[in-house]
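Chain by chain, the residues:
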Amino acid sequence: MKTLILTALVMAVAGPAFAGDKCDVPTDQWQPREALQKKLESEGWKVRSIKTENGCYEAKALDANGKKLEAVFNPKTLESVGADSDDG
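Here is a short report on the structure shown in this document. Since this is a predicted model, take the numbers as computed values, not measurements. (Residues numbered from 1 in each chain as written. Predicted model: local features only at pLDDT ≥ 70, side-chain atom pairs only at ≥ 80, totals over all residues. Heavy atoms only, no water.)

**Let's talk about the nonpolar core**
- Grouped together as the largest cluster of nonpolar side chains are 15 residues, with contacts concentrated most on L36, L40, W45, I50, Y57 and F73.
- Breaking this core down by element, the ones donating at least two residues are α3 (33–42), β1 (46–53), β2 (56–62) and β3 (68–73).
- Apart from the residues within four sequence positions on either side, L40 is in contact with W45, V47, A59 and F73. (Core = buried A, V, L, I, M, F, W, Y, C linked by side-chain atoms within 4.5 Å. Buried < 20%, exposed > 50% of the residue type's maximum accessible area, 1.4 Å probe, protein only. Helix = DSSP H or I, 4+ residues; strand = E, 2+ residues; numbered from the N terminus. Contact = heavy atoms within 4.5 Å.)

And the structure:
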C-alpha cells in the first residue's frame, strides 16, 4: 500500500506533463478497459470510471481507505503515466 501511495504522489508531480507523450499508441494496440479495471482492483482500488482522455485511459477510483484517486494510464502497457488524489 505504501508503494501505491508513493507512486501516486510521484506521478502527481511528474506524470501529467508527460502523459500525452506516453499515450501515443495506435488504438489497435490498446488493451481493453476491463483489463485496466481488473489490474486496479487487484491493487485494492474501487474503480468508479475509466474513460479515454488525450489518448490515455483515465481512471477515477477510491483506494482502500476511501480516498479519491485519479490516474492516467498508457492504454497499451497499462502503466501509470500520471496521477492525482483528493482528500475531499
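Now, onward.
**Considerations on the side chain of D63**
- Along the polypeptide, D63 turns up in the loop between β2 and β3.
- One buried charged residue, D63, remains without a salt bridge, the closest side chain of opposite sign being K67 at 5.9 Å. (Lys, Arg positive; Asp, Glu negative; His and termini not counted. Salt bridge = Lys/Arg side-chain N within 4 Å of Asp/Glu carboxyl O.)

**Section: the pairing of β2**
- In terms of burial, β2 is largely enclosed, as six of its seven residues are buried.
- Sheet analysis places β1 next to β2, joined by seven bridges and oriented antiparallel. Paired with K46 across the two strands is L62, which belongs to β2.
- Between β1 and the antiparallel strand that follows it, β2, lie two residues; N54 among them carries a positive phi value of about 55 degrees.
- Note: β2 against β3, six bridges, orientation antiparallel. Its bridge partner being in β3, E58 is matched across the sheet by V72. (Pairing = 2+ DSSP bridges.)

**A look at the state of the cysteines**
- In the structure shown here, the tally under the stated rule is one disulfide.
- Linked covalently through their sulfurs, C23 and C56 form a disulfide whose S-S length is 1.8 Å. Note on the C23 and C56 pair: the S-S dihedral is about 110 degrees, so by sign convention the disulfide is right-handed. Highlighted residues: C23 in the loop between α2 (19–22) and α3 and C56 in strand β2, separated in sequence by 33 residues. For the residue pair C23 and C56, the accessibility class agrees, reading buried in each case. (Disulfide = S-S within 2.5 Å.)

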